[in-house]
Amino acid sequence: MRGNDQLAMIHSGNPLDGLIRLLAGGDRITVASAGSSSDDLSPGESFKIGLISGAIAGTVVDFVLFPLDTLKTRLQSGTAAKDAMQLLKGIYTGLLPAVLASAPAGAAFFGTYDYLKRVFKQLDPEEKLATFHHMVAAAGGDIAGSAVRVPFEVVKQRLQAGAYTSASQAVKSILASEGVRGLYTGFGSLVIREMPFDLIEFPLYEYLKVVWARHNGDKPLATWQTALCGSAAGGFAAGVTTPLDVVKTRLMLQEQPGKYSGVWDALKKISAEEGVQVLASGIVPRVLWISLGGFIFFGGYEASKQVLSSRIKKQRT
């Protein structure tokens, strides 16, 4: 079942019920029905396109919205001053490691995500389990992207919190006192944060594109429309996963051996010692950052994919 028949099934009744059925795996959803132009690409071609598109989009977002990320980190750190002047001082501190990580981490995530989606589509042409496939593809992308991003994230967050004055100083100090393992502090917490985030964001993003395509007469969505879908999905996922983001920040900022032994230990100690409300620290800048970032990222990502897909198809002829 494809096209309007599929969309009619998803939109019969309450849209919220449709979303619940979708997330439960009861409905089929395809990127094609939302106007994708890359249905006939091979897994290898999808990997290359995702690699380049993710790298471009990730770099742009991190550069433009870095101040919100810094503000969020300082609010979550538990040690940074809370007055406005100190919170905003050196708002671009840590930008270099963030930008350096954006391209390879974005490339690793979306290269893996698009590759796995294409493989699953070949294995399941009718896309009966498409939502589950999107979730597995996102999880695979998370592991690949996190492996690249974590060392940069550790350095970036310690610079943002004021622990060091330069990236080179941070790297040397971490290696001297904690070894290479110190650069991967919080890897597990990052994956644990990213997986729930992406398991919410990407199925919701794909669903919203189908919803809009249906109301758009089943025509391909414009870039700004897919960008808004990404913004809404990202903002919702960001709010829900903020407690895990607080834990990730605390784990990455601590030197080894640290106060927290892991994700669960951090959740318990923060709740007991500082109050449950602290797990929502930085939620406003996080939601703003990811909502705005989602608009820029998914808009740029889809636009890049369309351009690259068209070029690959022209090269075939």
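Scroll up to find the structure this text is about.
Residues numbered from 1 in each chain as written. Predicted model: local features only at pLDDT ≥ 70, side-chain atom pairs only at ≥ 80, totals over all residues. Heavy atoms only, no water.

## Quick look at the environment of Ser-291
Selection criterion: Secondary structure elements are defined from DSSP: runs of H or I of at least 4 residues count as helices, runs of E of at least 2 residues count as strands, and each element is numbered from the N terminus.
Mapped onto the elements, Ser-291 comes out in helix α13 (residues 283-316). Between the alpha carbons of Ser-291 and Phe-236 there is a distance of 8.2 Å; along the sequence they are 55 residues apart.

## Here we look at the packing of helix α4 (residues 66-76) against helix α7 (residues 130-160)
Put simply, the rule reads: Lines are fitted to the C-alpha atoms to define the axes, a helix being fitted only along its stretch in contact, and any angle between axes, read from their N-to-C directions, falls within 0 to 180 degrees. Angles are sorted into four bins: roughly parallel if under 35 degrees, roughly antiparallel if over 145, roughly perpendicular if 65 to 115, and oblique for all others. Here a residue-residue contact requires only that any non-hydrogen atoms of the pair lie within 4.5 Å. Under the scheme applied here, ten amino acids are nonpolar (Ala, Val, Leu, Ile, Met, Phe, Trp, Tyr, Cys and Pro), four are charged (Asp, Glu, Lys and Arg), and all others, including Gly, are polar.
Following both chains from N to C, one finds α4 and α7 inclined at 75°, their axes separated by 9 Å at the closest point. Accordingly, the angle class assigned to the pair α4 and α7 is roughly perpendicular. Across the interface between the two elements, Phe-66, Asp-69, Thr-70, Lys-72, Thr-73 and Arg-74 of α4 pack against Lys-156, Gln-157 and Gln-160 of α7. Of the residues contributing to the contact of α4 with α7, the split by class is one nonpolar, four polar and four charged.

## Some thoughts on the nonpolar core
Keep this limit in mind: Nine residue types can take part in a nonpolar core, namely buried Ala, Val, Leu, Ile, Met, Phe, Trp, Tyr and Cys, and a core is a set of them joined through side-chain atoms within 4.5 Å. The buried label goes to any residue with under 20% of its type's maximum accessible area, the exposed label to any with over 50%, and the partly exposed label to all in between, with areas taken from a 1.4 Å probe on protein chains only.
Phe-110, Tyr-113, Phe-202, Phe-297, Phe-298 and Tyr-301 are the most contacted members of the largest nonpolar core, which has 21 residues in total. Of all elements in the fold, only α3 (43-64), α6 (95-123), α7, α9 (187-215), α10 (223-240) and α13 reach the threshold of two or more residues within this core. Sort the elements by how many residues they give to this core and α13 lands first, with five residues. Those residues in contact with Phe-202 that sit more than four places away from it in its chain are Phe-109, Phe-110, Tyr-113, Ala-138 and Phe-298.

## Description of the packing of aromatic side chains
Our working rule: Working definition: rings of Phe, Tyr and Trp (its six-membered ring) pair if their centres are within 6.5 Å, and the pair is stacked with planes under 30 degrees apart, edge-to-face with planes over 60 apart, and tilted otherwise.
Summed over the entire model, instances satisfying the criterion amount to six aromatic pairs. Taking the centre distance of 4.7 Å and the plane angle of 50° together, the rings of Tyr-113 and Phe-202 count as tilted. Taken together, the residues Tyr-113 in helix α6 and Phe-202 in helix α9 connect sequence positions 89 residues apart. Like Tyr-113, the residue Phe-202 is buried in the burial classification. Here the aromatic residues Phe-109, Tyr-113 and Phe-202 are joined through ring pairs into a cluster of three or more.

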